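Residue strings, one per chain:
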Amino acid sequence: MTCYVYVIVSLQSGRFYVGQTDNLLLRYKRHASGTVHSTKHLLPHVVGHVEEYPSRKDAMRREKQLKEHAGRAWISACVLPLVREWYAVAQW
């Protein structure tokens with residue numbers, strides 16, 4: 001089963017959320033509707049990064065890496081600047 005690791009980025013604050021799922025579109029619809037407690041405070045937000053993995057185990061391992069210090073630093077250095085550029089975000 002293919003699984004995905006994703007990073008959601010708030011367009012207002014630059015804060016981000018890392019998650020994993022086997023149905024990326026359905027999961028993002030839930031995030032975008034504001035029904036996910038962990039991300040409703042980040043609205044409006046976008047998916048800033050997605051990685052595909054062949055198994056849930058691999059996706060969960062990568063999710064954990066991205067939630068640790070080095071992973072968060074990588075997101076801040078590589079993903080956030082792209083989101084700022086793509087969406088012309090001036091604040092954060």
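Computed from a prediction, not measured in an experiment: that's the story for all the values here.

Caption draft 1: Looking closely at the sheet that holds strand S2 (residues 16–21). Judged by pairing direction, the sheet is antiparallel, and its 3 strands sit side by side in the order S2-S1-S3 without closing on themselves. What marks the edges here is a single partner per strand, and that holds for S2 and strand S3 (45–53). Direction aside, the axes of adjacent strands within the sheet are offset by 20° on average. Where strand S1 (residues 3–10) meets S3, 8 bridges bridge the pair, whose relative direction is antiparallel.

Caption draft 2: The arrangement of unusual backbone geometry in detail. A cis amide bond, omega -10°, links Leu-43 with the succeeding residue Pro-44. Here Pro-44 lies in the loop between helix H1 (24–32) and S3. We note that Ala-88 has phi near 50°; this positive angle belongs to a residue other than glycine. One can find Ala-88 in the segment after helix H3 (69–86).

Caption draft 3: Fine view of H3. With 18 residues, H3 extends 25 Å from end C-alpha to end C-alpha; this agrees with the ideal 26 Å at 1.5 Å per step. Where H3 bends most, at Val-79, the angle is about 35°, and the proline Pro-81 comes one to four residues later. Looking one or two places after H3, you find Ala-88, whose phi comes out positive at around 50°.

Caption draft 4: Inspection of helix H2 (residues 56–67) at higher detail. Between its first and last C-alpha atoms H2 spans 16 Å; for 12 residues at 1.5 Å apiece the expected length is 16 Å, and the two agree. Within the sequence span of H2, burial applies to Ala-59, Glu-63 and Leu-66. Each buried residue of H2 lies within a common arc of 65° when the element is viewed along its axis, so the set occupies one face. Residues of H2 that are exposed and point over 90 degrees away from its buried face: Lys-57 and Lys-64.

Caption draft 5: Structural detail: the packing of H2 against H3. Contact geometry for H2 and H3: axes closest at 4 Å, N-to-C directions at 75°. Our classification of the angle between H2 and H3 gives roughly perpendicular. In contact with Arg-62, Gln-65, Leu-66 and Lys-67 of H2, H3 contributes His-69, Gly-71, Arg-72, Trp-74 and Ile-75. Of the residues assigned to the contact of H2 with H3, the class counts are 3 nonpolar, 3 polar and 3 charged.

Caption draft 6: Representation of the pattern of salt bridges. The full count for this structure, using the stated rule, is 4 salt bridges. Put simply, Glu-51 and Arg-62 hold a salt bridge, and the shortest N to O gap is 2.8 Å. Taken together, the residues span a long stretch of sequence, with Glu-51 in strand S3 and Arg-62 in helix H2 at a distance of 11 residues. Overall, Glu-51 belongs to the buried group, its relative accessible area being 13%. Note that Glu-63 is salt-bridged to Lys-67, the shortest N-O span being 3.1 Å. One end of the pair, Glu-63, and the other, Lys-67, are both in helix H2, 4 residues apart, so they sit about a helical turn from each other.

So, how was this worked out
Residues numbered from 1 in each chain as written. Predicted model: local features only at pLDDT ≥ 70, side-chain atom pairs only at ≥ 80, totals over all residues. Heavy atoms only, no water. Pairing = 2+ DSSP bridges. Helix = DSSP H or I, 4+ residues; strand = E, 2+ residues; numbered from the N terminus. Axes fitted to C-alpha atoms, helices over the stretch in contact; angles between N-to-C directions. Expected span 1.5 Å × (residues − 1). Bend = angle between axes of the 7 residues up to and from the residue. Buried < 20%, exposed > 50% of the residue type's maximum accessible area, 1.4 Å probe, protein only. Arc of directions from axis to C-beta. Parallel < 35°, antiparallel > 145°, perpendicular 65-115°, else oblique. Contact = heavy atoms within 4.5 Å. Nonpolar A, V, L, I, M, F, W, Y, C, P; charged D, E, K, R; others polar. Salt bridge = Lys/Arg side-chain N within 4 Å of Asp/Glu carboxyl O.

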